[in-house]
There are 2 protein chains.
Amino acid sequence: VSEPTWMRREITEQAATVAATVAHGLGQRDDLRALCRSRRHVLFVARGSSDNAAVYGRYLLEAYAGWQAALAAPSVATHYHAEIDLSDTVVVSVSQSGETEEIVATQAWARAHGAAIIAVTNGATSPLAIQADLVLLTLAGREHAVPATKTYTAQLAAMGVLASALASGGSLEADLGRVPDEIDRLIAASAGVEEAVDVLAAAAEIVVTGRGLVYGTALEVALKLEETCLRPVRGLSYADLRHGPIAIIDADVTAVLVCPPSGPLLAPMTELAADLRGRGATTLAVGGDADMAAACDYLLPGPDLPESVAPLGLIVPAQLVVESLARRLGLDPDAPRGLSKVTATDPEG
Amino acid sequence: VSEPTWMRREITEQAATVAATVAHGLGQRDDLRALCRSRRHVLFVARGSSDNAAVYGRYLLEAYAGWQAALAAPSVATHYHAEIDLSDTVVVSVSQSGETEEIVATQAWARAHGAAIIAVTNGATSPLAIQADLVLLTLAGREHAVPATKTYTAQLAAMGVLASALASGGSLEADLGRVPDEIDRLIAASAGVEEAVDVLAAAAEIVVTGRGLVYGTALEVALKLEETCLRPVRGLSYADLRHGPIAIIDADVTAVLVCPPSGPLLAPMTELAADLRGRGATTLAVGGDADMAAACDYLLPGPDLPESVAPLGLIVPAQLVVESLARRLGLDPDAPRGLSKVTATDPEG
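No experiment lies behind these values; they were computed from the predicted model shown. All residue numbers refer to positions counted from 1 along the written sequence of the respective chain. The order in which chains are written sets their letters, starting at A; the order in which ligands are written sets their numbers, starting at 1. Only residues with pLDDT of 70 or above have their local features reported here, since the model is predicted, and side-chain atom pairs are shown and tallied only from 80 upward, although totals for entire chains, interfaces and linings are computed over all residues. Think of the side-chain values as coming from all heavy atoms in the structure, minus any hydrogens and water.

### Examining the interface of chain A and chain B
For clarity, the cut-off: Any two residues having at least one pair of non-hydrogen atoms within 4.5 Å are treated as being in contact. Once two parts are put together, the accessible area they lose, assessed with a 1.4 Å probe and summed over both, is termed the buried area. By definition, a salt bridge exists where a carboxyl oxygen of Asp or Glu is found within 4 Å of a side-chain nitrogen of Lys or Arg. Each polar contact in these results corresponds to two N or O atoms within 3.5 Å; when the atoms are within protein, one needs to be able to donate a hydrogen and the other to accept it, and residues that are neighboring in sequence are counted only if both atoms are side-chain atoms. Put simply, DSSP H or I for four residues or longer makes a helix, DSSP E for two residues or longer makes a strand, and each gets a number counted from the N terminus.
The interface of chain A with chain B comprises 63 residues on the first partner and 63 residues on the second. Buried surface at the junction of chain A and chain B, both sides included, amounts to about 5300 Å², of which 53% is carbon and sulfur. Considering only the surface of chain A that becomes buried against chain B, A:Gln68, A:Tyr80 and A:His243 emerge as the three largest contributors, covering 14% of it. In this assembly, chain A and chain B are joined by eight salt bridges. Between A:Arg234 and B:Glu226 there is a salt bridge, with the nearest N and O atoms lying 2.7 Å from each other. One can count 23 residue pairs in polar contact (both at pLDDT 80 or more) joining chain A with chain B. When residues of the side of chain A that touches chain B are traced back to their parent elements, those giving at least two are β1 (41–45), α4 (48–65), β2 (68–71), α5 (74–78), α12 (215–229), β7 (233–237), α13 (238–242) and α14 (266–278) of chain A. Of all the elements, α4(A) adds the most residues to the side of chain A that touches chain B, at five residues.

### As for the relation of the copies chain A and chain B
Note the cut-off: Least squares is the method used to superpose the copies, on C-alpha atoms of residues holding a pLDDT of at least 70 in both.
Of the two same-sequence chains, chain A is brought onto chain B (RMSD 0.0 Å, axial shift 0.0 Å) by a rotation of 180°. Such a combination of rotation and displacement between the chain copies is what one expects of a two-fold axis. Ranked by how close their C-alpha atoms come to the rotation axis, the residues of chain A are headed by A:Ala70, at 3.1 Å. The overlap is high: 100% of the interface residues of chain A also sit at the interface in chain B, so the same surface is used on both sides.

### A few points about the packing of α4(A) against α12(A)
Residues and elements named next belong to chain A. Stated formally: Only the stretch in contact is used when fitting a helix axis, every axis being a line fitted to C-alpha atoms; angles between N-to-C directions are given from 0 to 180 degrees. Angle categories are assigned with fixed cut-offs, so that under 35 degrees is roughly parallel, over 145 is roughly antiparallel, 65 to 115 is roughly perpendicular, and the rest are oblique. Crossing handedness is defined as follows: a turn of the near helix away from the far one that is anticlockwise and smaller than a right angle gives a left-handed crossing, while the clockwise case is right-handed.
Close contact between α4 and α12 brings their axes to 8 Å; oriented N to C, the two are set at 165°. Viewed along their axes, α4 and α12 adopt a mutual orientation that is roughly antiparallel. In the packing of α4 onto α12, the handedness of the crossing is left-handed. The residues of α12 that touch α4, namely those facing Gly48, Ser49, Asn52, Val55 and Tyr59, are Tyr215, Gly216, Leu219, Glu220, Leu223 and Lys224.

### Here's the deal with the packing of aromatic side chains
Test applied: Centres within 6.5 Å are what make two rings of Phe, Tyr or Trp a pair, Trp counting through its six-membered ring; a difference in plane orientation under 30 degrees is then read as stacked, over 60 as edge-to-face, and the rest as tilted. Throughout this description, the term charge over a ring refers to an Arg CZ or Lys NZ atom that lies within 6 Å of the ring centre and within 35 degrees of the ring normal.
Applying the stated rule across the entire model yields zero aromatic pairs over all chains. The ring centre of A:Trp6 lies 4.1 Å from the NZ or CZ of A:Arg9, which sits over that ring.

### Points about the environment of A:Val104
All names here are of chain A. Rules: In this scheme, a residue with accessible area under 20% of its type's maximum is buried, one over 50% is exposed, and one in between is partly exposed, where area comes from a 1.4 Å probe on protein chains only.
Examined against the element boundaries, Val104 turns out to sit in helix α6 (residues 101–112). According to the relative accessible area criterion, Val104 is buried, its value standing at 14%. Counting along the chain gives 11 residues from Val104 to Ser93, while the straight-line C-alpha distance between them is 8.1 Å. Apart from the residues within four sequence positions on either side, Val104 is in contact with Gly98, Glu99, Pro127, Leu128 and Gln131.

### Quick notes on the sheet that holds strand β9 (residues 282–287) of chain A
Residue and element names in this part refer to chain A. Spelled out, the test is: In this scheme, strands are said to pair when DSSP sees at least two bridges between them.
The strand order β7-β6-β8-β9-β10 describes an open sheet built from five strands, whose pairing is parallel. Strands at the two margins of the open sheet, each flanked by one partner only, are β7 and β10 (298–300). Here the average twist between neighbouring strands, direction ignored, is 20°. Running at roughly 170° to strand β8 (residues 253–259), α14 makes contact with β6 (205–210), β8 and β9 of the sheet.

### Thoughts on helix α12 (residues 215–229) of chain B
Residue and element names in this part refer to chain B. Threshold: In a helix, the anticipated span is given by 1.5 Å times the number of residues less one.
A rise of 1.5 Å per residue sets the reference length of α12, with its 15 residues, at 21 Å; its end C-alpha atoms lie 21 Å apart and thus fit the reference within 8%. In terms of burial, α12 is a largely internal element, 15 of the 15 residues being buried. At the C-terminal side of α12, Leu230 shows a positive phi close to 55°.

### Some thoughts on the packing of α12(A) against helix α16 (residues 310–328) of chain A
All names here are of chain A. Following both chains from N to C, one finds α12 and α16 inclined at 15°, their axes separated by 10 Å at the closest point. Here α16 runs roughly parallel to α12, going by the angle between their axes. Judged by the twist between their axes, the crossing of α12 over α16 is right-handed. Within the contact between the two elements, α12 uses Thr217, Glu220, Val221, Lys224, Leu225, Thr228 and Cys229 and α16 uses Pro311, Leu314, Ile315, Ala318, Val322, Leu325 and Ala326.

### Quick word on unusual backbone geometry
Residues and elements named next belong to chain B. The residue Ser190 is not glycine, and still its phi comes out positive at about 45°. Mapped onto the elements of the fold, Ser190 is located in the loop between α10 (179–189) and α11 (193–201). Its identity as a non-glycine residue notwithstanding, Leu230 has a phi of 55°, on the positive side.

### With respect to the sheet that holds strand β7 (residues 233–237) of chain B
Residue and element names in this part refer to chain B. Read across the sheet, five strands follow the order β7-β6-β8-β9-β10 without closing on themselves; strand pairing throughout is parallel. Strands with a single pairing partner mark the edges of an open sheet, and in this sheet they are β7 and β10 (298–300). Across the sheet, the mean angle separating the axes of adjacent strands is 20° when strand polarity is ignored. Note: strand β6 (residues 205–210) against β7, five bridges, orientation parallel. For Val208, the partnering residue across the bridge sits in β7 and is Gly235. The sheet contacts of helix α14 (residues 266–278) involve β6, β8 (253–259) and β9 (282–287), and relative to β8 the element is tilted by about 170°.

### Considering the pairing of strand β3 (residues 89–95) of chain A
Residues and elements named next belong to chain A. For the record, the criterion: Orient the strands so they point away from the viewer, and a crossover whose first-strand-to-second-strand path over the helix runs clockwise is right-handed.
With respect to burial, β3 is a largely interior element, seven of its seven residues being buried. Relative to β3, β1 runs parallel, the two sharing five bridges. Across the sheet, the residue bridging to Leu43 is Val91, located in β3. Crossover β3 to strand β4 (residues 116–121) through α6 is right-handed.

### A short note on the pattern of salt bridges
One pass over the full model with this rule turns up 38 salt bridges over all chains. A salt bridge links B:Glu13 to B:Lys150, with the nearest nitrogen and oxygen atoms 2.7 Å apart. Here B:Lys150 lies in helix α8 (residues 150–166) and B:Glu13 lies in the loop between α1 (6–12) and α2 (14–26), a separation of 137 residues in the sequence. We classify B:Glu13 as partly exposed; its relative accessible area is 30%. Between B:Glu62 and B:Arg58 there is a salt bridge whose closest N-O contact spans 3.3 Å. Of this pair, B:Glu62 and B:Arg58 both sit in helix α4 (residues 48–65), four residues apart, which is roughly one turn of the helix. Each member of the pair, B:Glu62 as well as B:Arg58, is classed as buried. Each of A:Arg40, B:Asp85 and B:Asp88 takes part in one network of salt bridges that share partners.

### Brief notes about the layout of surface pockets
Rules: Cavity: a set of points on a 1 Å grid over the protein atoms alone where a 1.4 Å probe fits but cannot get out. Pocket: an open set with protein on both sides within 12 Å along at least five of seven lines, its lining residues, like those of a cavity, having an atom within 4 Å of a point. Grid points are joined across faces, edges and corners, and a volume is the space filled by probe spheres set on the points. Ten residue types, Ala, Val, Leu, Ile, Met, Phe, Trp, Tyr, Cys and Pro, are classed as nonpolar, four, Asp, Glu, Lys and Arg, as charged, and the remainder, Gly among them, as polar.
Here the largest pocket is characterised by a volume of approximately 300 Å³. At the level of secondary structure, the elements contributing two or more residues to the lining of the largest pocket comprise β6 and β7 of chain A together with β6 and β7 of chain B. A breakdown of the residues in the lining of the largest pocket according to their chemical character gives 15 nonpolar, no polar and four charged.

### Looking at α4(A)
All names here are of chain A. Here α4 is 18 residues long and its end C-alpha atoms lie 25 Å apart, about the 26 Å a rise of 1.5 Å per residue gives. Burial within α4 is extensive, with 16 of its 18 residues counted as buried. Immediately downstream of α4, the backbone of Gly66 shows phi near 75°, a positive value.

### Observations regarding the environment of B:Ala73
Mapped onto the fold, B:Ala73 is located in the loop between β2 (68–71) and α5 (74–78). Residues B:Ala73 and B:Ile206, 133 residues apart in the sequence, show an inter-C-alpha distance of 27 Å. In this structure B:Ala73 touches A:Arg58 and A:Tyr59, once residues within four positions along its chain are discounted.

Given below as structure tokens:
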């Protein structure tokens, strides 16, 4: 038996890293509330997997905590040098390393324009952390594999902490406490993983879709599949898929439907699965309920968690599939071709 | 000689419809300013081509007018029924028909939560228009072809009017006045159109990318190519491409680089073109300057306009390519398979 990859080991560390990040973050709730008290908007600054975590943060803040939230367009800061008053805004910068130049520069722009700054990072002494008003550390330890796994779920945990601090009431704190055991249970069971690897290995075209709180998870599944397995994979929102691309769905397409376990978007996702299957696509559900499983050809079971925190568990079986699929394809999941741990969007500025 | 398609005719009407929409909208500038006076944020609500117009609106407002702007996630309203205070926000709903149920419902939610409402629509008596505080009409007349052309550029014109009203100073009004002649010049010249059709007809995989003020144009080019020509086409931001998918760019890929004629993002786009070409991709520049043309294999020349209003001209040669490519492929550009003029994201609610 060969050594497990770093990616595999780091996937299995996630129950611990999520628990640590949640416990640490919840201890900062009063500071978070004080920093945000006089402000009304949250603006996330992120790229890549961190951006997918921010998409979750955006939906969670809007749907759960009642705060307007949006994702920044960094070029507005770094290239257009826009003059925008951010005195009513909390900027949340998300970067594993805390060293991505574009994110650091956008955060500095936001601070200069009046924003309060929260950094979500694994780099305690990084420029992003040092230049923030408050740091939500992701306590993931060093991540050796290039594809983010434990740092990504730790970022999701930080989003949960932030929403829990900004929401008035609700069960988010208790729900976050249920996540680590679910992560361990999903890894131990690894239900549907090998079958999903078979399906994706044989796929000609892959489309990944999701909506609402799990939309960011769908984008992360697409990014991970593409960057680790080097296959073209499209991540599309439910709405973007319906507004055009659905016309070209046929038997060549394998559609991965990332679903919450419950909530108002499960029924529309189940209808979408039936629609895609009717067009000839091979359908793989990630998560969902019994109706969703019945509507799809294949199932990768998800966590038994409330929709609000489901993304922290839902990504885990997909990570297992990606790691295994990469090896099946003769690739090294720890070091995908052409990627490095800190990405420069603009190497030449 | 066969009759021109509706799509072709509507492409040629765009100089007139942009001119009419700008003239009409500029007459409402005082009302726009009064409506927005006590507010600080703009939130766009849109789907499909209208969403691509809103992406332009977002960058224009942020980079040019100094207003924070974002795109709404309609499910936050329609499915999560979130309780968010929008009393500091102007919601701009964008819909050609003004009848798309999801957009109408999201606008109603925004109004109930305190937002001021601007509707950008071609439907003067539509629910979206009737329920708005102010209507920026797109004076495009009836659009017969299913793929939006003249209604899309009229929406861009409305974005220009809005930014011109909210900006303090600047040359946007004068710049908008230069657009109609540039549209007519681009159509008359049709430079590079037939060659671009040849390139795209032979393409195995197509990726369209752009950044900043022309990012929405790149998304619209991708959507138009896909919905009208029924080919899978990926629209990716410059940053999203660099953060993963770039690793799988090879000689099978035709990369369409949508570029501003000038401005801070032209140099990074030119470097990206050289990078993609170095990986073996066939590169087609839409717009850009002489350096960009030199960095790419093929060129579809764009407008001679300032970056701020370039998207109103830049889409036109791409529309000509799409219309011609659809016919080349034996398809009807006026009635693409599986699409209708009003899209229901959630037919069953």
